[in-house]
Amino acid sequence: MTTDLPATPDLPRTEDEWRIRLSPAEFRVLREAGTEAPWSGEYVNTKTEGVYDCRACGAELYPSDTKFDSHCGWPSFDDAIPGAVKEIEDRGHGMVRVEIRCARCDSHLGHVFRGEGFTPKNTRHCVNSLSIRLDPAS
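Nothing here was measured: the structure is a model prediction, and the numbers come from that model. (Residues numbered from 1 in each chain as written. Predicted model: local features only at pLDDT ≥ 70, side-chain atom pairs only at ≥ 80, totals over all residues. Heavy atoms only, no water.)

Colleague: Tell me what's going on with the overall build of the chain, and back it up with residues and numbers.
Modeller: Counting secondary structure elements, the chain contains two helices and nine strands. Dimensions of the chain along its principal axes, counting C-alpha atoms only, are 45 × 40 × 30 Å. Across the chain, contacts joining residues at least 24 apart in sequence account for 51% of those joining residues at least 6 apart. A total of about 7200 Å² of accessible surface is found on the chain, and carbon and sulfur atoms cover 51% of it. (Helix = DSSP H or I, 4+ residues; strand = E, 2+ residues; numbered from the N terminus. Contact = heavy atoms within 4.5 Å. Areas by Shrake-Rupley, 256 points an atom, 1.4 Å probe, with all protein chains shown as cover.)

Colleague: Mind laying out the sheet that holds strand β8 (residues 123-127), listing which residues take part and the relevant values?
Modeller: With antiparallel pairing, six strands are arranged side by side in an open sheet as β3-β4-β8-β7-β6-β5. Edge positions in the sheet fall to β3 (67-68) and β5 (85-90), since each of these pairs with one other strand and no more. For β5 and strand β6 (residues 97-102), the ladder comprises six bridges, and the chain directions are antiparallel. Within the sheet, the bridge partner assigned to Lys 86 lies in β6 and is Arg 101. (Pairing = 2+ DSSP bridges.)

Colleague: Let's hear about the packing of aromatic side chains: which residues, and what values?
Modeller: In this structure the tally under the stated criterion is four aromatic pairs. Considering the side-chain rings of Tyr 43 and Tyr 52, the 5.4 Å spacing of their centres and the 85° angle between planes classify their relative orientation as edge-to-face. Tyr 43 gets classed as buried once you look at its relative accessible area, which sits at 8%. Taking the centre distance of 5.9 Å and the plane angle of 40° together, the rings of Phe 68 and Phe 118 count as tilted. Linking Phe 68 in strand β3 with Phe 118 in the loop between β7 (108-114) and β8, this pair joins segments that are 50 residues apart in sequence. According to the relative accessible area criterion, Phe 68 is buried, its value standing at 14%. By relative accessible area, Phe 118 is classed as partly exposed at 41%. Site record: aromatic cluster; members linked through ring pairs are Tyr 43, Tyr 52, Tyr 62 and Phe 77. (Phe/Tyr/Trp six-rings, centres within 6.5 Å; stacked < 30°, edge-to-face > 60°. Buried < 20%, exposed > 50% of the residue type's maximum accessible area, 1.4 Å probe, protein only.)

Colleague: An account of the nonpolar core is requested, with residue identities and associated values reported.
Modeller: One finds Cys 54, Leu 61, Tyr 62, Val 85 and Cys 105 to be the most contacted residues of the largest nonpolar core, which totals 25 residues. Of all the elements in the fold, those that place two or more residues in this core are α2 (24-30), β1 (50-54), β2 (60-63), β6, β7 and β9 (132-136). (Core = buried A, V, L, I, M, F, W, Y, C linked by side-chain atoms within 4.5 Å.)

Colleague: Which residues make up the pairing of β7, and what values go with them?
Modeller: For β7, the buried fraction is high: five of the seven residues fall into the buried class. Strand direction decides the pairing type here: β6 and β7, joined by four bridges, are antiparallel. Following the sheet pairing, Glu 99 is matched in β7 by His 111. What sits between β6 and β7 in their antiparallel hairpin is a turn of five residues, with Asp 106 showing a positive phi close to 65°. One ladder, built from five bridges, connects β7 with β8; its direction is antiparallel. Within the sheet, the bridge partner assigned to Phe 113 lies in β8 and is Arg 124.

Here it is as structure tokens:
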């Protein structure tokens with residue numbers, strides 16, 4: 001994670017400022033690229049319509065109609081809002097994966113996997129519930 005972000009009036013610029021804004025569990029996942037335990041997140045089985053926002057900065061990330069049941073233990077989406085998520089190669093934990101981060105605040109969301117055949121788009125954004133917040137449709 002970066003320690004300093006470009007000046008954006010409503011975003012913290014240092015990790016210490018993020019630590020004040022986020023709970024310890026949110027900080028561990030969003031800013032330290034942690035992972036919540038499988039099946040523990042509040043959005044694993046949610047079917048509510050709306051938009052999932054970045055829990056750190058509020059940026060819109062995933063429309064609820066892209067969410068699907070992958071039975072992997074974390075919320076899964078087959079597509080993000082264009083430009084909302086950036087992908088970074090992750091060689092941690094003895095494997096090669098693609099990490100996904102919020103394009104606005106650089107917070108860790110989870111990982112993206114391709115070629116599993118779950119949806120016609122053949123993509124699974126495996127996202128920590130602690131990284132997102134559902135804004136229900138009115």
